[in-house]
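Single-letter residue listing:
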Amino acid sequence: MSLVDIRWHPNTRELREFGLVVLIGTGLIGLVFQFWRGQTTVALVIYAVGGVLGLPGLTGRAIGLPGYWLWMGVACVMGNIMGRVLLTVIYYSLFLPMGIVRRALGNDSLNLKRRPVESYWCDVKHKDDPDRYERQF
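Residues numbered from 1 in each chain as written. Predicted model: local features only at pLDDT ≥ 70, side-chain atom pairs only at ≥ 80, totals over all residues. Heavy atoms only, no water.

Caption draft 1: Local environment of a nonpolar patch on the surface. A cluster of nonpolar side chains, namely Leu86, Ile90, Tyr91, Tyr92, Leu94, Phe95, Leu96, Met98 and Ile100, defines an oily patch on the protein surface of about 880 Å² accessible area. As for its position among the elements, leucine 86 is in helix H3 (residues 65-104). (Patch = residues over 30% accessible without salt bridge, like charges linked within 9 Å, V, L, I, M, F, W, Y side chains within 5 Å. Areas by Shrake-Rupley, 256 points an atom, 1.4 Å probe, with all protein chains shown as cover. Salt bridge = Lys/Arg side-chain N within 4 Å of Asp/Glu carboxyl O. Helix = DSSP H or I, 4+ residues; strand = E, 2+ residues; numbered from the N terminus.)

Caption draft 2: Highlighting the pattern of salt bridges. In this structure the tally under the stated criterion is 2 salt bridges. With its nearest N and O atoms 2.9 Å apart, the salt bridge here joins glutamate 14 to arginine 7. Glutamate 17 is the salt-bridge partner of arginine 13, the closest N and O atoms lying 3.3 Å from each other. On the criterion of helical spacing, the pair formed by arginine 13 and glutamate 17 is a turn pair, its members being 4 residues apart in helix H1 (residues 12-36).

Caption draft 3: Representation of the side chain of threonine 26 in the model. Locating threonine 26 in the fold gives a position in helix H1. For threonine 26, a relative accessible area of 10% corresponds to the buried category. Among residues more than four places away in sequence, those in contact with threonine 26 are Ile46, Tyr47 and Gly50. (Buried < 20%, exposed > 50% of the residue type's maximum accessible area, 1.4 Å probe, protein only. Contact = heavy atoms within 4.5 Å.)

Caption draft 4: Just H3, in detail. In a regular helix each residue adds 1.5 Å, so 40 residues correspond to 58 Å; H3 covers 57 Å between its end C-alpha atoms and thus fits that length. Packing partners of the buried residues in H3 comprise H1 and helix H2 (40-59). Remark: glycine 106 follows H3 within two positions and exhibits a positive phi of approximately 90°. (Expected span 1.5 Å × (residues − 1).)

Caption draft 5: Expanded view of the packing of aromatic side chains. One pass over the structure, following the stated rule, counts 3 aromatic pairs. An angle of 65° between the planes, with centres 6.3 Å apart, marks the rings of phenylalanine 18 and tryptophan 71 as edge-to-face. Pair noted here: phenylalanine 18 is in helix H1 and tryptophan 71 is in helix H3, with a separation of 53 residues, a long-range link. The exposure class assigned to phenylalanine 18 is buried, which follows from its relative accessible area of 6%. Relative accessible area serves as the criterion here: at 36%, tryptophan 71 is assigned to the partly exposed category. Between tyrosine 91 and tyrosine 92 the ring centres are 5.0 Å apart and the planes differ by 85°, which places this aromatic pair in the edge-to-face class. Aromatic ring contacts, followed pair by pair, group Phe18, Tyr68 and Trp71 into a single cluster. (Phe/Tyr/Trp six-rings, centres within 6.5 Å; stacked < 30°, edge-to-face > 60°.)

Caption draft 6: Looking closely at H1. Given a rise of 1.5 Å per residue, 25 residues ought to cover 36 Å, and the 36 Å separating the end C-alpha atoms of H1 matches this to within 8%. Listing the buried residues of H1 in full gives Leu15, Phe18, Gly19, Val22, Thr26, Gly27 and Gly30. Those residues of H1 that are buried are in contact with H2 and H3. Between a side-chain oxygen at the N-terminus of H1 and the backbone nitrogen of arginine 13 the separation is 3.3 Å; the capping residue is asparagine 11. (Polar contact = N/O pair within 3.5 Å; in protein donor to acceptor, adjacent residues only side chain to side chain.)

Caption draft 7: Geometry of the nonpolar core. The biggest cluster of nonpolar side chains holds 6 residues, and these are Leu15, Phe18, Val22, Leu53, Leu65 and Tyr68. Top element by residues in this core is H1. It accounts for 3 residues. In contact with valine 22, other than residues within four places in its own chain, are Gly27, Gly50, Leu53, Gly54 and Trp71. (Core = buried A, V, L, I, M, F, W, Y, C linked by side-chain atoms within 4.5 Å.)

Structural data, given as structure tokens:
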């Protein structure tokens, strides 16, 4: 299940936008590898991939569709994986430590610790105001 709807049959404008974005993105990434990292071979490979995928996309014709499909398929899979990884990291780095600290301090917000009492019933005081009937929640 994916939260993003991918158009597998893009129109001419969307295909041209894809080609332009791929050319600009791979060009910038290639420049980073070439000048900041000093890895010219890696930069040339990135330029070549950008050219093979981006230039046919710039035409806006059916010749650019295989590159578009490949790119969007990889993006869909990576987005699904990274979303799960990100949620897992957030849970284990934020919520789990908070829960452990709260338990260590003796906080029992859900009243899960059963105490020896006659009944576990909790009375709730309701207001019998007729104006409240219109706003139930």
